[in-house]
Amino acid sequence: MSAQPPVFNRVAVIGLGLIGGSLACAVRRRGLAGSVVGYDKRPDELSLGESLGVIDEAADSLEQAVKGSDLVVLAVPVRATRAVLQEIKPWLDDAVVLSDVGSTKTSFVEDVKAVFGSVSPSVIPGHPIAGSEKSGIRAANPDLFNNHKVILTPGDDADPQALSSLRSLWEGCGANVLTMSPRYHDEVLAATSHLPHLIAFSLVDTLAGEDENMDIFRYAAGGFRDFTRIAASDPVMWHDIFLSNREAVLRVIDHFTHDLDQLRSAIADQDSAKLLRVFSRAKAAREHFSKILSGQAFVTNHSDKQVTFRLQPGGAVSGEFRVPGDKSMSHRSIMLGALAEGVTEVTGFLEGEDSLATLQAFRDMGVTIEGPDNGFVRIHGVGMKGLQAPRGPLYLGNSGTAMRLFAGLMAAQSFNSELTGDASLSKRPMGRVADPLRAMGAVIDTEGGGRPPMRIKGGQKLTGIHYEMPMASAQVKSCLLLAGLYADGSTSVTEPAPTRDHTERMLSGFGYHVYRDGPTASVSGGGELSATNIDVPADISSAAFFLVAASIAPESELVLRHVGINPTRTGVINILKLMGADIDIFNEREIGGEPVADIRVRSAELKGIDIPEDQVPLAIDEFPVLFIAAACAKGRTVLRGAEELRVKESDRIQVMADGLEAVGVKTTVTADGIVIDGGQTIAGGVVNSHGDHRIAMSFAVASLRAEGEIEVRDCANVATSFPGFVELAQNCGIQIAAEGA
Ligand code: S3P
């Protein structure tokens, strides 16, 4: 029995079918009313209600049920509502709360008006979104409403006390109560419940009518069973629902028939792009819906999932493998493929959460994208002006690259957009792109300190500028070049030191000329991109963990296949070689405008060095793991000129220093770098990665030279750049277990 006080003294439930019976039973079992009286015009159901303990009292007449009750709930077929209201009218005064459980709400309000002349403030229509294909009082279930929604549709002048009591009653039955207008309720239900039932009834009827032997049912597979389950629902009830919600249902049927006709034409005309667009959009929407149903956050929101890495000390690494695709190139392949004329096929695409968020954002803007399937993606380009306004904000997960590059593209679109991201991305500086974009004519709003979300106004005319970047950032350069594709005249960007040039290379691959003059890259606006095929090499930033792993762990040897060795990315190799690493690059080749090679790495005695400052932008993402190499090297390593590390997914200087300290390694942090004296004992301990994927993976590598267990917390974001890291690390010899994954 429940400890809750009764909400009503006497509740009358009129109509003891599945819903009425379940409500009576739930109210009674949970002690939500002093007593529950039931009425049903079928005497058998009524006496069954009493004998099954669904109700306290069986009323012989409507008069007996209604008189003395302070809540009356109609649970009769919706088409019977008006007649029942007529009958109970003489005993129903304004103090009694009147509600119902019908599937259509405007019709209930109209019935009340027709019988009483107006709708009194104590009338609160209701609709529990719960049910079953079973019907009748025998199926009554006191838990039927547990965690289900109940929609109440009070009028504007509804009595707040009546509303709050009815809400408490339903909440007491375990339901989640929401309120909305009757009209909105009917629109929503017509689309989400009534139309699917109609289609299920119609489909089963059509197929069964064509097939006298009912063979379809013998051969039907699971899909048919799932899809048509609701065609076994109560015909009378559904007859009533369709007639009572006629207008809203007709509207949604027309909409659906129109779209179905379009699919028919697409099949008749063999319009693959149309079919794939609709199917991919629907698939993405269905997956999103599944996540909502299972209570997960949207695709890339990992912050809720707690993953811990537990690492046993020591070991050697060996093997030969290919790490996942390059993140920078994966983002860009989707962006340029979407804006190109024609179909772009991508292989080696990184199926990490960051690049998947970019892919989803373009789907949200109407681009048909097939895959990803084992790194294969096919993008049906819509042309430079073919993007459509998204229905909501574009969610870019953890990815600074995505947000900054999108900013350049969105500033030039005809529609407004909003760019959002997870907790880490929401702290990162966007002024570095918003300011120069504004100088080009863009209208952009950010939160305080230039943080996301970025709200970008559409329909602005952009004009090319020359920009001298204050920091060496490929993201800023790329953002401005992408905006420059749409700007009047030429847009040029000068970098203070070389940064990754994937945007420039890939634009050339799509047939868009990029001028290069020493440190300055420029584009002229107004051109077009032509679709091409892209082979994304393995990400050198992901390979870096294994380059360091094999270098520091004794008796190790690894071969990493098909790694991108673009000279603007090879800082990690240059730095490790200066430290004495044994790294061999072979099978060098050029694929789709990017240099690629296989890399062999063997254990070596590393020594500390002063890291040349010109290598910093070329190794910008690899410093966390280079700090681990430095901790294992002989002598002192000094890093300077790396203040950019403080505004990555975390403050990578401080978070690494804290992590190293937690495992027993002292360092000296400076404003723009760090000093690490190698050779200290890595004792083991608990490290907080602050949700930064590269910090988490770096400490996994450190375990190879540790003397005790290392626990790394907050590791779910490893999936943003390196899906499958744990398995790969295990296979090559790192003693890692992921908890909570
Ligand atoms: C990236 C550029 C770099 C890098 C990031 C990816 C890119 O950022 O750290 O992981 O794809 O353009 P900055 O441009 O901010 O240095």
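Residues numbered from 1 in each chain as written. Predicted model: local features only at pLDDT ≥ 70, side-chain atom pairs only at ≥ 80, totals over all residues. Heavy atoms only, no water.

The name an unreviewed UniProt entry assigns to the chain is 3-phosphoshikimate 1-carboxyvinyltransferase, from the organism Marinobacter suaedae. As stated in UniProt under Subcellular location (unreviewed entry), the record for the chain gives "Cytoplasm". A UniProt comment under Pathway (unreviewed entry) is attached to the chain, and it reads "Metabolic intermediate biosynthesis; chorismate biosynthesis; chorismate from D-erythrose 4-phosphate and phosphoenolpyruvate: step 6/7." (UniProt positions renumbered as here; feature names shortened; annotations may be inferred.)

Attention now goes to the overall build of the chain. Along the chain, the regular secondary structure elements total 25 helices and 31 strands. Overall, the C-alpha framework of the chain stretches about 95 × 60 × 60 Å when taken along its three principal axes. Buried positions account for 55% of the 741 residues belonging to the chain. Here the analysis covers contacts within the chain between residues at least 6 apart in sequence; of these, 76% occur between residues at least 24 apart. Of the accessible surface of the chain, which amounts to about 30,600 Å², a share of 50% is contributed by carbon and sulfur atoms. If you average the places of the 68 positive and of the 92 negative side-chain charges in the chain, the two averages end up 1 Å apart. (Helix = DSSP H or I, 4+ residues; strand = E, 2+ residues; numbered from the N terminus. Buried < 20%, exposed > 50% of the residue type's maximum accessible area, 1.4 Å probe, protein only. Contact = heavy atoms within 4.5 Å. Areas by Shrake-Rupley, 256 points an atom, 1.4 Å probe, with all protein chains shown as cover. Lys, Arg positive; Asp, Glu negative; His and termini not counted. Charge placed at Lys NZ, Arg CZ, Asp CG, Glu CD.)

In strand E5 (residues 97-100), alternate side chains face the same way, and those of Val-97 and Ser-99 on one face and Leu-98 and Asp-100 on the other are all buried. Here strand E4 (residues 71-74) pairs with E5 via 4 bridges, running parallel. Across the sheet, the residue bridging to Val-73 is Ser-99, located in E5. Handedness of the crossover joining E4 and E5 through helix H4 (residues 81-88): right-handed. (Pairing = 2+ DSSP bridges. Right-handed = clockwise from strand over helix to strand, strands pointing away.)

Here 4 strands make up an open sheet; going across it, the order is E14-E15-E17-E16 and the pairing mixed. With partners counted over all chains shown, the strands left at the sheet margins are strand E14 (394-395) and strand E16 (444-447), one partner each. One ladder, built from 2 bridges, connects E14 with strand E15 (residues 417-420); its direction is parallel. From the neighbouring strand, Tyr-395 faces E15, where its bridge partner is Thr-420. Packed onto the sheet, helix H15 (residues 400-410) meets E14, E15 and strand E17 (451-456) and runs at close to 175° relative to E15. (Axes fitted to C-alpha atoms, helices over the stretch in contact; angles between N-to-C directions.)

Close approach of charged atoms lets side chains of opposite charge pair. Overall, the coordinates contain 45 salt bridges when judged by the stated rule. Glu-171 is the partner of Arg-167 in a salt bridge, and the nearest nitrogen-oxygen pair spans 3.8 Å. Of this pair, Arg-167 and Glu-171 both sit in helix H6 (residues 160-172), 4 residues apart, roughly one helical turn. A salt bridge links Asp-598 to Arg-561, with the nearest nitrogen and oxygen atoms 2.9 Å apart. Of this pair, Asp-598 sits in strand E25 (residues 594-602) while Arg-561 sits in strand E23 (residues 557-564); the two residues are 37 residues apart in sequence, bridging distant segments of the chain. (Salt bridge = Lys/Arg side-chain N within 4 Å of Asp/Glu carboxyl O.)

Before going further, it helps to spend a moment on the nonpolar core. Generally speaking, a soluble globular protein has its nonpolar side chains buried in company with each other. Counting residues in hydrophobic clusters, the biggest one holds 84 residues, and the most contacted among them are Phe-309, Phe-546, Leu-576, Phe-623, Phe-699 and Phe-725. Residue contributions to this core peak at 10 residues, all from helix H19 (residues 540-552). If we ignore the near neighbours within four places in the chain, the residues touching Phe-699 are Leu-311, Ile-628, Met-656, Gly-659, Leu-660, Val-663, Val-687, Ile-710 and Val-712. Of all hydrophobic cores here, the second largest spans 67 residues; its members include Phe-415, Val-433, Leu-437 and Ala-442. (Core = buried A, V, L, I, M, F, W, Y, C linked by side-chain atoms within 4.5 Å.)

The next point concerns helix H18 (residues 502-509). Every buried residue belonging to H18 is among His-502, Thr-503, Glu-504, Met-506 and Leu-507, and all of these are buried. Of the surrounding secondary structure, the elements contacted by the buried residues of H18 are helix H13 (327-339), helix H17 (474-484), strand E20 (515-517), strand E21 (520-524), strand E22 (533-535) and E25. Phi for Gly-511, located one or two positions after H18, is positive at around 80°.

Moving on, we come to the site of the ligand. Taken together, the neighbourhood of the ligand is formed by Ser-328, Arg-332, Thr-401, Arg-404, Ser-473, Ala-474, Gln-475, Arg-500, Ile-620, Asp-621 and Lys-648. Within the side chain of Ser-328, a nitrogen or oxygen atom sits 2.6 Å from an oxygen atom of the ligand. The separation between an oxygen atom of the ligand and a polar side-chain atom of Asp-621 is 2.6 Å. Burial of the ligand by the protein amounts to 95% of the accessible area it has alone, namely 380 Å². Put simply, the parts of the chain that give the shell around the ligand at least two residues each are H13, H15 and H17. Residue composition of the shell around the ligand, by class: 2 nonpolar, 4 polar and 5 charged. Among the domains, domain 3 (309-318 + 537-739) and domain 4 (327-535) are the pair contributing at least three residues each to the shell around the ligand. (Near = heavy atom within 4 Å. Polar contact = N/O pair within 3.5 Å; in protein donor to acceptor, adjacent residues only side chain to side chain. Nonpolar A, V, L, I, M, F, W, Y, C, P; charged D, E, K, R; others polar. Domains from an automatic or database assignment.)

Where the model shows low pLDDT, its predicted coordinates should not be examined in detail. Here the chain averages 93 in pLDDT, while 96% of its residues score no lower than 70. Within the model, pLDDT remains below 50 along residues 294-303, and this stretch shows 17 contacts once partners closer than five positions in the same chain are excluded. (pLDDT = per-residue confidence, 0-100.)

Turning our attention to the domain arrangement of the chain. The domain boundaries assigned to the chain delineate domain 1 (8-180), domain 2 (187-270), domain 3 (309-318 + 537-739) and domain 4 (327-535). Across the contact, 10 residues belong to domain 1 and 10 residues belong to domain 2. At the boundary of domain 1 with domain 2, the tally comes to 0 salt bridges. Counting every contact that joins domain 1 to domain 2 gives 1 residue pair in polar contact (both at pLDDT 80 or more). When its residues are assigned to classes, the side of domain 1 that touches domain 2 shows 4 nonpolar, 4 polar and 2 charged.

Bringing the packing of aromatic side chains into the picture now. The full count for this structure, using the stated rule, is 10 aromatic pairs. Aromatic side chains Phe-145 and Trp-170 sit 5.0 Å apart centroid to centroid with 85° between the ring planes, which places their arrangement in the edge-to-face category. One end of the pair, Phe-145, is in the loop between strand E6 (126-128) and strand E7 (149-152); the other, Trp-170, is in helix H6, and 25 residues separate them in sequence. For Phe-145, a relative accessible area of 0% corresponds to the buried category. Under the relative-accessibility criterion, Trp-170 is labelled buried at 2%. Ring centres of Phe-623 and Phe-627 lie 6.3 Å apart, and the angle between their planes is 50°; on these two criteria the pair is classed as tilted. With Phe-623 and Phe-627 both in helix H21 (residues 623-632), this residue pair falls 4 residues apart, about one helical turn. With respect to class, Phe-623 is no different from Phe-627; both count as buried. Aromatic rings pair up to connect Phe-309, Phe-321, Phe-545, Phe-546, Phe-722 and Phe-725 into one cluster. (Phe/Tyr/Trp six-rings, centres within 6.5 Å; stacked < 30°, edge-to-face > 60°.)

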